[in-house]
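Residues per chain, in single letters:
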Amino acid sequence: MFVIKNAWRSVTRNKGRNVLIIVIVAIIAAAATIGLSIRQAAATARESGLENTTITAQISLDRSKLISQSREQSKSDSSGQSDDGKPDFDAMRSALSDKQLSLSKYQKYAKSSSAVKSTYYTETTGLSATDDFQPVSDSSSSSSSSDSNSSDSSSGSSDSNGQSDGNEPGDKMPGGDMGGQGGAAMVSGDFSLVGFSSDEAVANASNGTFTMKSGKVFGYGTGSDGDAIISKSLADFNDLSVGDTVSVADPNDSDTTYKLTIVGIYKNSTESSQQMGGPMSSNASDPANAIYTSVSTLKSLGLDSDSDSDSAAQLNYTYVFADKADYETFAKDVKKAGLGSDYTVSSADVENYESSLVPLNNLSKFALTLLIVVLAVGGVVLVVITLLNVRERKYEIGVLTAIGVNKVKVAAQFTLELLIVTMIGLALGTGIGSAASVPVSNQLLSSQVEQQQTQQSSQREQFGRDMQQSGGKTSDDSADSGSSSSGGANGADTTKNTANGKPQGGAPGGMMDRATNYVSSINATVNLAVVGQLLLVGLALTLVAALVAVVFVLRYEPLQILADRS
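Sequence positions are assigned chain by chain, starting from 1 and proceeding in written order. With the structure being a predicted model, the display of local features is reserved for residues of pLDDT at least 70 and the display and counting of side-chain atom pairs for 80 or more, all residues being used for whole-chain, interface and lining totals. As a convention, hydrogens and water are excluded, and side-chain values are obtained from all of the structure's heavy atoms.

**Topic: the overall build of the protein**
- In this text, helices come from DSSP runs of H or I with a minimum length of four residues, and strands from runs of E with a minimum of two, each type numbered from the N-terminal end. Scanning the protein from N- to C-terminus turns up 17 helices and 14 strands.
- Here's how the labels work: a residue is buried when its accessible area is under 20% of the maximum for its type, exposed when over 50%, partly exposed in between, all with a 1.4 Å probe on protein chains only. When burial is assessed residue by residue, the protein has 48% of its 566 residues classed as buried.
- Taking as baseline every contact in the protein between residues at least 6 positions apart, the subset at least 24 positions apart corresponds to 80%. Two residues form a contact once any of their heavy atoms are found within 4.5 Å.

Here it is as structure tokens:
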């Protein structure tokens, strides 16, 4: 009791010095509160941002790994190069061949894990035009127009100037298995024929959402074989309506034709005024020339992915999960089910969300640096003040020990004094930090987002456009997949960063402008976890400063102190 009373008298007696300590501790606590709350919010966003949010994923072939292994094998067998000094292309092609997963394999892996919520898939192939059914195009270019139908089917297409477009009719663009590409295959020709497995697959069409202008979407059973829907642009271009029948040609054999019945006409949410995919694209790359049907129809035509036809469709299989935890569970389950190391499980949703957290991660690192600097500087200042306090009260220490007070009790008194003052400063600093944490953290995060957007603007100026990535979703889809999980549990919001401020249209297998929905605000409120961490910080600072006081108190000899004073 003597120690407590004496400590309290000392705290109230030395107001000036203790107020200074309270101010210093309050500043440290306020900065620590903001730093800890930012890190807590960032951790919550990373861990729970994708909880209760639907995640899609694909299994894809790890081509880079296979090519690297092939090169290493070639080097071990020989020089790794052909006679003319070039890499052994045949060996690398051999390593990549026959690696595409079949539909039955994808379905097997879906059944191997209870984490799979649902699945859907699309199969995409190219078709050529006939005399009565032409693609939407701003020129006479057509890989199988009425003129080219009468010529050798292996010749390239030509435009109105008679120049070849460089594409062989019906050739698919390189890529093989499209299971992990997140979009339909890139095909050449006049039309892309996309077969869907279910309404869920239709809702996630690579060209984005669409609405039916007339008719209805096809069925998926054999009773609906031959039914298809076409875009309004394509219908208007060919003066077609629901109920009409169109004829399309096999791009590898112009004498082979297929008949499709139009059961509906749709309109894309985002119209494209130009062909997508760059100079290597064909009319089939234009979303307006996409013909949608069921996978059952493709199978009935002998164009499905399991067929032996040269025009066999390319498969894109998607797994759907309730949350990120299920996605991670699936990645482990398929490995146990026999998925080889040549394949990877990836999710564009997860990757896009992680990309959206870049400014937040940068802010979290900044908060950690700020926290370390503030604690280090604050700790040094407290130690110095405590040291000066002990030296100033050297005579008091000598008197107390001379009248019989144990040195341990004297040291405990100084520790208690410092603890009382520190806790008062910690409470004030926590209150200030709690009030300032949300606006300050969001202002700092806004600066980080602006920095990222400035970097993208610089890249856009360098390239003359946004940097591009492969995939079939529109920019809106890409952005939404990163933002749909940003709210909710962690209270994070996002800000869009799309090229030219507008969504960019997608196309089967084409390129898209990368647009990231950066997390632009967080709910960096102070919770019990932050309060607990602040208490530990306060105790740590008190103990460090008190340790200095204890060391000096135990070193002092009362008789020597009194003698020096006299």
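**A word on the packing of aromatic side chains**
- For Phe, Tyr and Trp, where Trp contributes only its six-membered ring, two rings pair if their centres lie within 6.5 Å, and the inter-plane angle classes them as stacked under 30 degrees, edge-to-face over 60, or tilted in between. Going through the model one piece at a time under the given rule, you end up with 13 aromatic pairs.
- Aromatic side chains tyrosine 266 and tyrosine 292 sit 4.9 Å apart centroid to centroid with 5° between the ring planes, which places their arrangement in the stacked category. Highlighted residues: tyrosine 266 in strand β7 (residues 253-268) and tyrosine 292 in strand β8 (residues 290-294), separated in sequence by 26 residues.
- Aromatic pair tyrosine 317 and tyrosine 319: ring centres 5.1 Å apart, planes at 55°, arrangement tilted. In this structure, tyrosine 317 and tyrosine 319 share a single accessibility class: buried.
- Through successive ring pairs, a cluster of aromatic residues spans Tyr106, Tyr121, Tyr317, Tyr319, Phe321, Tyr327 and Phe330.

**Topic: the packing of helix α2 (residues 15-48) against helix α16 (residues 528-555)**
- For every element, the axis is a line fit to its C-alpha atoms; helices are fit only across the contacting stretch, and the angle between N-to-C directions ranges from 0 to 180 degrees. It is at 10 Å that the axes of α2 and α16 come closest, and there the two elements cross at 140°. The pairing of α2 with α16 is recorded here as oblique in orientation. Read as a crossing pair, α2 and α16 show a hand that is right-handed. Here Ile28, Ala29, Ala32, Thr33, Leu36, Ser37 and Gln40 of α2 lie close against α16, whose contacting residues are Ala529, Val530, Gln533, Leu534 and Leu541. Roughly parallel here means an angle under 35 degrees, roughly antiparallel means over 145, roughly perpendicular means 65 to 115, and every remaining angle is called oblique. Note on convention: the crossing is left-handed when the near helix lies turned anticlockwise from the far helix by less than a right angle, right-handed when the turn is clockwise.

**Regarding the environment of lysine 332**
- Mapped onto the elements, lysine 332 comes out in helix α10 (residues 324-336).
- With a relative accessible area of 57%, lysine 332 lands in the exposed category.
- Residues lysine 332 and valine 345, 13 residues apart in the sequence, show an inter-C-alpha distance of 9.4 Å.

**Describing the pairing of β7**
- Here a strand pair is declared whenever DSSP counts at least two bridges between the two strands. Pairing of strand β4 (residues 210-215) with β7 involves five bridges; the strand directions are antiparallel. Across the sheet, methionine 212 pairs through a bridge with tyrosine 266, a residue of β7.
- In this structure, strand β5 (residues 227-231) lies alongside β7, joined through five bridges in parallel fashion. What sits directly across from aspartate 227, in β7, is threonine 261.
- For strand β6 (residues 245-250) and β7, the ladder comprises six bridges, and the chain directions are antiparallel. Looking at β7, one finds that alanine 249 is bridged to threonine 257.
- Counting the residues between successive antiparallel strands, the hairpin from β6 to β7 contains two residues.

**Some points on the nonpolar core**
- Side-chain atoms within 4.5 Å link the members of a nonpolar core, which is a set of buried Ala, Val, Leu, Ile, Met, Phe, Trp, Tyr and Cys residues. Residues Ile59, Tyr319, Phe321, Phe330 and Leu339 are the most contacted members of the largest nonpolar core, which totals 30 residues.
- Among the secondary structure elements, those contributing two or more residues to this core are α2, β1 (55-61), α5 (103-111), β2 (116-127), β9 (314-321), α10, β10 (343-346) and α11 (348-356).
- Among residues more than four places away in sequence, those in contact with tyrosine 319 are Ile55, Thr56, Ala57, Ile59, Tyr106, Tyr109, Ala110, Val116, Ser118, Thr119 and Phe330.

**Here's the deal with the confidence of the model for the protein**
- Confidence in the prediction for the protein averages 74 pLDDT; 69% of positions are at 70 or higher.
- Throughout residues 141-185 the model reports pLDDT below 50, and contacts reaching past four residues in sequence, or to other chains, amount to 117 contacts.
- Considering only residues more than four positions removed or in separate chains, one finds that residues 494-515, a stretch of pLDDT under 50, has 82 contacts. Across the chain, each position has a pLDDT score giving the predictor's confidence in that residue, from 0 to 100.

**Here's the deal with helix α13 (residues 394-402)**
- Residues of α13 that are buried include every one of Ile397, Gly398, Leu400 and Thr401, and no others. Buried residues of α13, viewed axially, fall in a sector of 165°; they line one side.
- Phi turns positive one or two residues past the end of α13, at glycine 404, with a value near 110°. To be clear, the arc concerns the directions from the helix axis to the C-beta atoms.

**As for unusual backbone geometry**
- For aspartate 239, which is not glycine, the phi torsion reads 55° and is therefore positive.
- If you trace the backbone, aspartate 239 turns up in the loop between α8 (232-238) and β6.

**Some remarks on the environment of leucine 315**
- The topology assignment puts leucine 315 in strand β9.
- As for leucine 315 and glutamine 100, which are separated by 215 residues in sequence, their C-alpha atoms are 9.3 Å apart.

**Structural notes on the pairing of β5**
- Most of β5 sits inside the fold, with five of its five residues counted as buried.
- Inspection of the sheet shows β5 paired to β8 by two bridges, in the antiparallel sense. Bridge pairing in β8 places isoleucine 229 opposite tyrosine 292.

**Some details on a nonpolar patch on the surface**
- Among the surface-exposed residues, Val19, Val23 and Ile27 lie close enough to one another that they form a single nonpolar patch of about 260 Å² accessible area.
- On the secondary structure map, valine 19 appears in helix α2. Patch membership requires over 30% relative accessible area and the absence of a salt bridge. Like charges are linked within 9 Å, and nonpolar side chains (Val, Leu, Ile, Met, Phe, Trp, Tyr) within 5 Å. In this description, accessible areas are obtained by the Shrake-Rupley approach with a 1.4 Å probe, and a residue is regarded as covered only by the protein chains that are shown. The salt bridge definition used is simple: a Lys or Arg side-chain nitrogen within 4 Å of an Asp or Glu carboxyl oxygen.

**Some thoughts on the environment of aspartate 349**
- For aspartate 349, the location among the structural elements is in helix α11.
- For the pair aspartate 349 and leucine 50, spaced 299 residues apart in sequence, the C-alpha separation works out to 9.1 Å.

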